[in-house]
Amino acid sequence: MLKPFEEVVAEYGPMVLRVCRAVLGPVEAEDAWSETFLAALRAYPELRPDSNVEAWLVTIAHRKALDQHRARARNPVAVDALPERPTSQGVPGSRDTELWDALRSLPRKQRQAVAYHYLAGMPYALIAPILGNSEVAARRAAADGIKTLRAIYRQGASR
Amino acid sequence: MNRTNQTPGAEGLFDALPVLDEDANRRLHRRLVDAAEAAGILDVAYRTIDTPVGSLLLAATDQGLVRIAYPNQGHDQVLAKLAEQVSPRVLLAPRRLDPVALQLDEYFAGHRSAFDVMLDWRLSHGFRRQVLAQLPRIAYGHTASYAAVAAAAGSPRAVRAVGTACATNPLPIVVPCHRVVRSDGAVGGYAGGPEAKRTLLTLEAAA
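The text that follows walks through the structure, step by step, so that each part is easy to find. In this text, all values refer to a predicted model and were calculated from it rather than measured experimentally.

Parameters and conventions
- Residues numbered from 1 in each chain as written.
- Chains lettered and ligands numbered in written order.
- Predicted model: local features only at pLDDT ≥ 70, side-chain atom pairs only at ≥ 80, totals over all residues.
- Helix = DSSP H or I, 4+ residues; strand = E, 2+ residues; numbered from the N terminus.
- Pairing = 2+ DSSP bridges.
- Axes fitted to C-alpha atoms, helices over the stretch in contact; angles between N-to-C directions.
- Contact = placed C-beta atoms within 7 Å.
- Nonpolar A, V, L, I, M, F, W, Y, C, P; charged D, E, K, R; others polar.
- Parallel < 35°, antiparallel > 145°, perpendicular 65-115°, else oblique.
- Left-handed = near helix turned anticlockwise from the far one by under 90°.

### Comments concerning unusual backbone geometry
Logical step 1: Notably, Ile173 of chain B is not glycine yet its phi reads approximately 75°, a positive angle.
Logical step 2: Take Ile173 of chain B: it is sitting in the loop between helix H6 (159-167) and strand E6 (180-181).

Structure (structure tokens):
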């Protein structure tokens, strides 16, 4: 039996937002979150009640992030730099911007592996099918990502 | 799975990403409700309101008001039941309930004697529904006996079934099962408890 979708939003919404922020940065994250949960709501009645809801949501978020990435690639306006526009999502120059700068320097798969494992708490066996690689490769991507992050984002690591 | 704390191995790294960002969650929730409504996939919208008979849960489909529930009925259980019987696409979305919430406020202030909202009857079937359909004929401030309602529904001997129909009324207050009382003058049972029934009857008698 499926529980009311409101409970899914309450239980997993914050986690998905953290994942989106880590993978896409503070500006794109809220669009990705919104598209993820709208798509999830649409598909929800067909979800098998014994499904792993966390993995289901992260899989949708992963696809939505890819969509955004492709849209940005088609539209060369906002490719390399963070667009400098007003945002309610963080204070410029604050630590979340610094963290995002560090995350942004990682190869995309490493960033995804790091977010899905360390922020969503998913095991590599579930991350591998989302990334389209093996469990070993997913684990290595996350480990490499964390190692690089520790090297370039010392402020967070030294706390 | 580990949502509230850092997964071991990344201690301190992600402190800049708050585990819980209330402002963002509220903003995103509103945005989801708007998008779901626009896409026509907000199957059940709900909210609660505070009233003299406790916190009432109000739920509506796109057809109309589908459920009103008293605190003693367990709002979480009622929502779970709606997810099962109507659709699991259930969201806290007050706006769809604004008209009925306003009318209930007016009713509890003694300024309203009838409700003008679309009703979705899908949670009531057969004879029970036939009985409930009779109830708006009992005027505000008046009562009728279970036996009289049974007769009006065309089954004079189905007094007990009328009691069951009232007890399982998915839309109490708006569909006024509280106006059905025992022939001996006792208030009888009520989905919201006898105290709530007395409160409603007293309110209507005074207005």
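Next comes the rest of the write-up.
### Thoughts on the sheet that holds strand E2 (residues 54-60) of chain B
Residues and elements named next belong to chain B.
Logical step 1: Read across the open sheet, the four strands follow the order E3-E2-E1-E4; overall the sheet is mixed. The two strands at the open ends of the sheet, each matched to only one other strand, are strand E3 (65-69) and strand E4 (90-92). Taking each pair of neighbouring strands and ignoring which way they run, the sheet shows an average axis angle of 25°.
Logical step 2: Alignment of E2 against E3, held across four bridges, turns out to be antiparallel. Its bridge partner being in E3, Leu57 is matched across the sheet by Ala69.

### What about the interface of chain A and chain B?
Logical step 1: Contacts between the two partners involve 38 residues from chain A and, on the opposite side, 35 residues from chain B.
Logical step 2: For the side of chain A that touches chain B, the secondary-structure elements that each account for two or more residues are helix H1 (5-24), helix H2 (26-43), helix H4 (95-104), helix H5 (108-119), helix H7 (135-152) and helix H8 (154-157) of chain A.
Logical step 3: Looking at the side of chain A that touches chain B residue by residue, the classes come out as 22 nonpolar, six polar and 10 charged.

### What to know about the packing of H1 of chain A against H5 of chain A
Residues and elements named next belong to chain A.
Logical step 1: At a closest axis distance of 9 Å, the pairing of H1 and H5 adopts a crossing angle of 155°. Here H1 is positioned roughly antiparallel relative to H5, judged by the angle of their axes. Here the hand of the crossing between H1 and H5 comes out right-handed. Here H1 contributes Met15, Arg18, Val19, Ala22 and Val23 to the contact with H5, which in turn contributes Arg111, Gln112, Val114, Ala115, Tyr116 and Leu119.
Logical step 2: Taken together, the residues of the contact of H1 with H5 break down into eight nonpolar, one polar and two charged.

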